[in-house]
Amino acid sequence: MNNIPQELDWVKKRADCTIAKVFNQICDGISDDARAVNSARGLAGDSQFLAEMAGEGTAMFVAQPNRIPRTRVIVRLDSATIVVERERQYQREAWEVTVGLNNEGRCILRLDEGTELEQWQFRKKALEGLFFGD
């Protein structure tokens, strides 16, 4: 199946595919995901996952603040990348993505090794272990 358009105003599409715009969309999606997991798992009160912006809108923290030991995911905007950090007890792991236009004309996230991710795949990779344990 060929999903590549014959004609595409790729310059406009790429100009609309900015790191800041994608970061904001991801943060909105993360807030929705936190609400969805709280609802799906019946979490209430102190056991709920919270997604909060920090750093003048350049970072989002996701955690269950009253859970010990505390595990949290930080999604932050760096100049040309979106960085994900997962902190659990005394361990920290991090990975990052860039944004770009793929050959089908979609604004996607790209891991270092070239793997393309849709926004939901990025959020799943960042949050699944936090939300459902690993």
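Please refer to the structure higher up on the page.
Focus on the packing of aromatic side chains
If you walk through the whole model with that rule in mind, you get three aromatic pairs. Judged by centre distance (5.3 Å) and plane angle (65°), the rings of W95 and F122 are edge-to-face. Of this pair, W95 sits in strand β5 (residues 91–101) while F122 sits in helix α3 (residues 119–132), and the two are 27 residues apart along the sequence. Note on accessibility: W95 and F122 belong to one class, buried. One aromatic cluster is present, built from ring pairs that chain together F49, F131 and F132. We note K125 situated over the ring of W95; from NZ or CZ to the ring centre the distance is 4.8 Å.

Rules behind the numbers
- Residues numbered from 1 in each chain as written.
- Predicted model: local features only at pLDDT ≥ 70, side-chain atom pairs only at ≥ 80, totals over all residues.
- Heavy atoms only, no water.
- Phe/Tyr/Trp six-rings, centres within 6.5 Å; stacked < 30°, edge-to-face > 60°.
- Helix = DSSP H or I, 4+ residues; strand = E, 2+ residues; numbered from the N terminus.
- Buried < 20%, exposed > 50% of the residue type's maximum accessible area, 1.4 Å probe, protein only.
- Lys NZ or Arg CZ within 6 Å of the ring centre and 35° of its normal.

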